[in-house]
Amino acid sequence: MRYKSTRDVNNANTKGFEQILISSYAEDGGLYVPTELPVISHRTFSQWKSESFSFPQICAAVIGLFTDDIDDILLVEMANAAFKSFNGGNDQQLPITQLENLILLDTSQGPTFSFKDIGQQMTGKLINHVLGKRGQVANIIIETSGDTGPAAIAGVKGHDNVEIFCLYPFGRVSEVQELQMIAIQDDNVHVFRTEGNTDEQASVLKEVFQDRQFVEEYNVCSVNSINWFRIAAQSSYFIWSYLQIAEHFGDPVSYIIPTGAFGNAMGGLLAQRMGLPIDRIICATNANDIVHRTIAFGDMRMTANIQTESPAMDIQFAYNLERMLYYINGEDSNQLLPIMTKVEKQYRYDDNASGAALPPEMVKKIQEVFSSVVVSDSDTLETIKRVYMSTKGETVLCPHSAIAVHAGQKEFAYLQQERKDLKLVCVLTAHPCKFEDCVRRALLPEVIPQFPCPENIAILHQTPHRFQLLQKIEGNDWRNDWIRSIKKAVVERKERKENIH
């Protein structure tokens, strides 16, 4: 399996599995994709269904399509290890339940109670395997809007051959999300509390990754969803859930996905492109609506980052839209390159940058696959309350999951009136305990919410905090200050480890 950049017009610089696993952006600023996307046959899907393949088995099979030399049995062992703690060790790692007209797919049952655990646990296992084989150490540098950071840290903490450096925006994540980063005591975990937002963090990291000498000398990579294997792992739960839900292969099933950087939705698109007959992919956003504007109007302008009740989706830097456009346009880098050249200027916060407007024919192609909607904070809170009351407290939604449920019950319920056999699946993405303040705002004063706080979260409240501050000092070039601080931390950590050994 070979990989190329989405922006590589001539496929002139292809790379192998191990190279792009331990990497970040491509040298030209694009994202890595396979030079040829594998297709899963109807026969294989039918075999997986008839033999009741487990979620770890399907994830291993999907990942195996994108690797070169990892034995199938070892991939299954990795997947079983990655997901053994999900849902309290239950055989069904991703619970599927019914809520009125909707099917709920709960992807939040991992160690940090976020869907990000699925991609991070599997990607962490792959990276650890490759580094162990090479006898190398990697420096993972990531930024988070709230859930990626804890999940990435949980995937690699304590590993001798990985150092992880994570940026999070102070005051823009929940208390639990913050504790899941700053209360981790492992020596290979390094956390930066920033005075920015997630778009500013992502922009800074993109500049770090463009320093090829630094990246190569210090073996720097990312496990944000710029990493292809995050997307590949996430595609597997669309496949597994479809085979659980559809009575017959080919039955219409649409997925409603709360969407920020578009990585979750990209997993759905990848599954569809590999042959899964997903009917529609419905993206539900909060007020940070670049994904909705792209789908509905072809408007790829980054606007102001707005703080909402669903902080993990407070993103305008939706980098996986690039992969979506690549596939929607027939894997044609020629069409993509001029668009991303304009968008890239906004990623760098260049003066007078205005983003990109997609041509109408491109928007039409997007809308053949995707629909979208913006959900307000008030509708998010109302949905949490309505579902809690209608289920007598049995179903408590996090704000991100509530956005998907609102879309399914209010905005897109008409789809089932038009097609009685259509199943609508809402992807639940996080446990409500991570957003307790929001849930209380939704339910009080009429209801005092009662839902158990998992033990491994309760412990964090008594644990010391470790982090470094990245400030915005007036008059200083804060972006370059942050870049220097991040690089300095990587260099100093390597020197300390060399002195110890």
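Model, not experiment: these values are computed from the prediction.

Rules of the game
Residues numbered from 1 in each chain as written. Predicted model: local features only at pLDDT ≥ 70, side-chain atom pairs only at ≥ 80, totals over all residues. Heavy atoms only, no water. Helix = DSSP H or I, 4+ residues; strand = E, 2+ residues; numbered from the N terminus. Expected span 1.5 Å × (residues − 1). Buried < 20%, exposed > 50% of the residue type's maximum accessible area, 1.4 Å probe, protein only. Polar contact = N/O pair within 3.5 Å; in protein donor to acceptor, adjacent residues only side chain to side chain. 1 Å grid on protein atoms, 1.4 Å probe; cavity = no way out; pocket = protein on both sides within 12 Å on 5 of 7 lines; lining within 4 Å. Points joined across faces, edges and corners; volume = space filled by probe spheres on them. Nonpolar A, V, L, I, M, F, W, Y, C, P; charged D, E, K, R; others polar. Pairing = 2+ DSSP bridges. Contact = heavy atoms within 4.5 Å. Disulfide = S-S within 2.5 Å. Phe/Tyr/Trp six-rings, centres within 6.5 Å; stacked < 30°, edge-to-face > 60°. Lys NZ or Arg CZ within 6 Å of the ring centre and 35° of its normal. Axes fitted to C-alpha atoms, helices over the stretch in contact; angles between N-to-C directions. Parallel < 35°, antiparallel > 145°, perpendicular 65-115°, else oblique. Left-handed = near helix turned anticlockwise from the far one by under 90°. Salt bridge = Lys/Arg side-chain N within 4 Å of Asp/Glu carboxyl O.

Draft legend 1. Highlighting helix H8 (residues 198-209). Look at H8: 16 Å from first C-alpha to last across twelve residues, which is about the 16 Å you get at 1.5 Å a residue. Buried residues of H8: Thr198, Asp199, Glu200, Gln201, Ala202, Ser203, Val204, Leu205, Lys206, Val208 and Phe209, and no others. Here H8 starts with a cap whose side-chain oxygen sits 3.0 Å from the backbone nitrogen of Asp199, and that cap is Asn197.

Draft legend 2. Structural context of empty space enclosed by the protein. Under the defined criterion, the tally for this structure stands at four cavities of 30 Å³ or more. The calculated volume of the largest cavity comes to roughly 280 Å³. What lines the largest cavity is a set of 25 residues, among which Phe115, Lys116, Ala261, Ala312 and Ile315 lie closest to the centre. It is helix H11 (residues 263-273) that contributes the most residues to the lining of the largest cavity, three residues altogether. Looking at the lining of the largest cavity residue by residue, the classes come out as nine nonpolar, twelve polar and four charged. The wall of the second largest cavity is formed by Tyr25, Glu143, Ala202, Leu205, Lys206, Phe209, Ser222, Asn224, Ile226 and Tyr319. Top contributing element to the lining of the second largest cavity by residue count: H8, with four residues.

Draft legend 3. How the structure looks around the sheet that holds strand E9 (residues 220-221). Read from one edge to the other, the open sheet built from five strands follows the order E9-E6-E7-E8-E14, with strand pairing classed as parallel. The open sheet has two free edges, formed respectively by E9 and strand E14 (468-470), since each of these has just one partner strand. By the bridge criterion, two bridges tie strand E6 (residues 138-143) to E9 in an arrangement that is parallel. In the strand pairing of E9, Asn139 is matched with Val220.

Draft legend 4. Focus on the environment of Ser114. With respect to the secondary-structure elements, Ser114 resides in the loop between strand E5 (102-106) and helix H5 (116-134). Separated by 36 residues in the primary sequence, Ser114 and Pro150 place their C-alpha atoms 8.9 Å from one another. Setting aside chain neighbours within four positions, we find Ser114 in contact with Thr107, Ser108, Asp147, Thr429, Ala430 and Lys434. Within the structure, the side chain of Ser114 is placed 3.0 Å from the backbone nitrogen of Lys116, a separation counted as a polar contact.

Draft legend 5. Structural context of the sheet that holds strand E2 (residues 15-16). Sheet architecture is open: three strands sit in the order E2-E1-E3, paired in antiparallel fashion. Pairing within the sheet leaves two strands with one partner each, and these edge strands are E2 and strand E3 (32-34). In this sheet, E2 lies alongside strand E1 (residues 2-5) in antiparallel orientation, the contact comprising two bridges. Considered in E2, the bridge of Arg2 is made with Gly16.

Draft legend 6. Structural context of the state of the cysteines. Throughout the structure, instances matching the rule amount to zero disulfides. Looking at the unpaired Cys221, the closest cysteine sulfur is the one in Cys166, lying at 13 Å. A relative accessible area of 0% means that Cys221 is categorised as buried.

Draft legend 7. Spatial organisation of the packing of aromatic side chains. If you walk through the whole model with that rule in mind, you get 19 aromatic pairs. On the numbers, 5.2 Å between centres and 90° between planes, the contact of Phe83 with Phe86 is edge-to-face. When sorted by exposure, Phe83 lands in the same class as Phe86, which is buried. Between the NZ or CZ atom of Arg193 and the centre of the ring of Phe467, over which it lies, the distance is 3.9 Å. Positioned above the aromatic ring of Trp478, the side-chain terminus of Arg479 is 5.9 Å from the ring centre.

Draft legend 8. Broad picture of the packing of helix H10 (residues 228-245) against H11. At their nearest, the axes of H10 and H11 sit 7 Å apart, and the two run at 65° to each other. With respect to each other, H10 and H11 are oriented roughly perpendicular. Where H10 crosses over H11, the handedness of that crossing is right-handed. Across the interface between the two elements, Trp228, Ile231, Ala232, Gln234, Ser235, Tyr237, Phe238 and Ile239 of H10 pack against Gly263, Asn264, Met266, Gly267, Gly268, Leu270 and Ala271 of H11.

Draft legend 9. Just the pattern of salt bridges, in detail. On inspection of all chains with the given rule, the structure shows 23 salt bridges. Residue Glu207 pairs with Arg479 through a salt bridge whose shortest N-O separation is 2.4 Å. Here the residue Glu207 occupies a position in helix H8, and Arg479 occupies one in helix H21 (residues 478-500), the gap between them amounting to 272 residues. Exposure remark for Arg479: the relative accessible area of 14% places this residue in the buried category. Between Asp299 and Arg301 there is a salt bridge, with its nearest N and O atoms 2.8 Å apart. On the accessibility criterion, Asp299 (14% relative accessible area) is buried. By sharing partners, the salt bridges in this structure join Arg7, Lys206, Glu322 and Glu344 into a single network.

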